Amino acid sequence: NKYVYNSATEQFSVGKRDPSKFDVVATGANVGSDAHVSVDLGTGVTGYVTVNVDGVDYTIGLTDGAGSIDISGLAYGHYDVHATYLGNDEYATKVNNDKTFVMTKVDPAGIAILPIADVDYGETTTITVTVPDGITGTITLKLNDSTEKTTTLTIVDGIVQWDVSGLAADGYKVDATYNGNYKYA
């Protein structure tokens, strides 16, 4: 044997791949409805994405690289979405923190001032305002754009009533303004 035993060793590593993309779509809604967050990391990516909204973590399982979640119970306001792909044996962790959405208040359509009967000088008239079911809060009533004849009343069972007396003989215009609450504008 003219050759002596010899060996060489070299080390190498196999790194995890980066997902080719990490798309996050966040869509707000009216208060009382669900916000929607969807993620897409590309075909073939498996595992989970953690989405943090308002300090609460939600887990989305990926199917063929995509997944989504509906989030309920969010109040009116702006929300940041922090999404983290947790990685797996093949793909590295990836972060996407650049999405936001807005939960909006609902337009309280259907507020109505009922017809008001004419009265004679010295009599009291009643102004009644109705609102759709579920609307709570207060309504401000104003006569002839005057700050002297203005009141703010709490809605009770969908109705506000204002008994007005001491009016001079004249014509009057009534404005009703809903002041909003956690859900309605």
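Details of the structure are given in the entry above.
Below you will find a few notes about this structure. (Residues numbered from 1 in each chain as written. Predicted model: local features only at pLDDT ≥ 70, side-chain atom pairs only at ≥ 80, totals over all residues. Heavy atoms only, no water.)

**As for the pattern of salt bridges**
Then comes step 1: Following the criterion strictly, the structure yields five salt bridges and no others.
Then comes step 2: Notably, a salt bridge pairs D145 with K173, separated by 3.4 Å at the nearest N-O pair. Here the residue D145 occupies a position in the loop between β10 (138–143) and β11 (150–154), and K173 occupies one in the loop between β12 (159–164) and β13 (174–178), the gap between them amounting to 28 residues.
Then comes step 3: The salt bridge partner of K173 is D175, with a shortest N-O separation of 3.5 Å.
Then comes step 4: Look at the salt bridges and you will find they share partners, linking K21, D23 and D40 into a network. (Salt bridge = Lys/Arg side-chain N within 4 Å of Asp/Glu carboxyl O. Helix = DSSP H or I, 4+ residues; strand = E, 2+ residues; numbered from the N terminus.)

**Quick word on the environment of G122**
Then comes step 1: Among the structural elements, G122 can be located in the loop between β8 (112–113) and β9 (125–130).
Then comes step 2: Once the C-alpha coordinates of G122 and S165 are considered, the two residues, 43 residues apart in sequence, prove to be 7.0 Å apart.

**Digging into the sheet that holds β8**
Then comes step 1: Pairing is antiparallel across the open sheet formed by three strands, whose spatial order is β8-β9-β12. With one partner strand each, in any of the chains shown, β8 and β12 form the two edges of the open sheet.
Then comes step 2: Across six bridges, β9 lies against β12 in antiparallel orientation. Pairing of T125 across the sheet is with V164, part of β12. (Pairing = 2+ DSSP bridges.)

**Section: the sheet that holds strand β1 (residues 23–27)**
Then comes step 1: Across the sheet, which stays open at both edges, the three strands sit in the order β1-β2-β5 with antiparallel pairing between neighbours. The open sheet has two free edges, formed respectively by β1 and β5 (66–71), since each of these has just one partner strand. Each strand axis lies, on average, 10 degrees off the axis of its neighbour in the sheet, ignoring direction.
Then comes step 2: Strand direction decides the pairing type here: β1 and strand β2 (residues 35–40), joined by five bridges, are antiparallel. Bridged to T27 within β2 is H36. (Axes fitted to C-alpha atoms, helices over the stretch in contact; angles between N-to-C directions.)

**Observations concerning unusual backbone geometry**
Then comes step 1: Positive phi values are uncommon outside glycine, yet D54 reaches one of about 55 degrees.
Then comes step 2: Taking the relative accessible area as the measure of exposure, D54 reaches 57% and is therefore exposed.
Then comes step 3: Residues other than glycine seldom take positive phi values, yet D64 does so here, at roughly 50 degrees.
Then comes step 4: Along the chain, the position of D64 falls in the loop between β4 (56–61) and β5. (Buried < 20%, exposed > 50% of the residue type's maximum accessible area, 1.4 Å probe, protein only.)

**Quick notes on the packing of aromatic side chains**
Then comes step 1: Tallied over the entire structure, the rule returns one aromatic pair.
Then comes step 2: A centroid spacing of 5.3 Å and a plane angle of 20 degrees characterise the contact between Y79 and F101, whose relative ring orientation is stacked. Separated by 22 residues along the polypeptide, Y79 in strand β6 (residues 77–85) and F101 in strand β7 (residues 94–103) bring together distant segments of the chain. With respect to class, Y79 is no different from F101; both count as buried.
Then comes step 3: We note K105 situated over the ring of Y76; from NZ or CZ to the ring centre the distance is 5.1 Å. (Phe/Tyr/Trp six-rings, centres within 6.5 Å; stacked < 30°, edge-to-face > 60°. Lys NZ or Arg CZ within 6 Å of the ring centre and 35° of its normal.)

**A word on the side chain of T151**
Then comes step 1: Along the chain, T151 turns up in strand β11.
Then comes step 2: What T151 contacts, discounting residues up to four positions off in sequence, is I139, T140, L141 and W162. (Contact = heavy atoms within 4.5 Å.)

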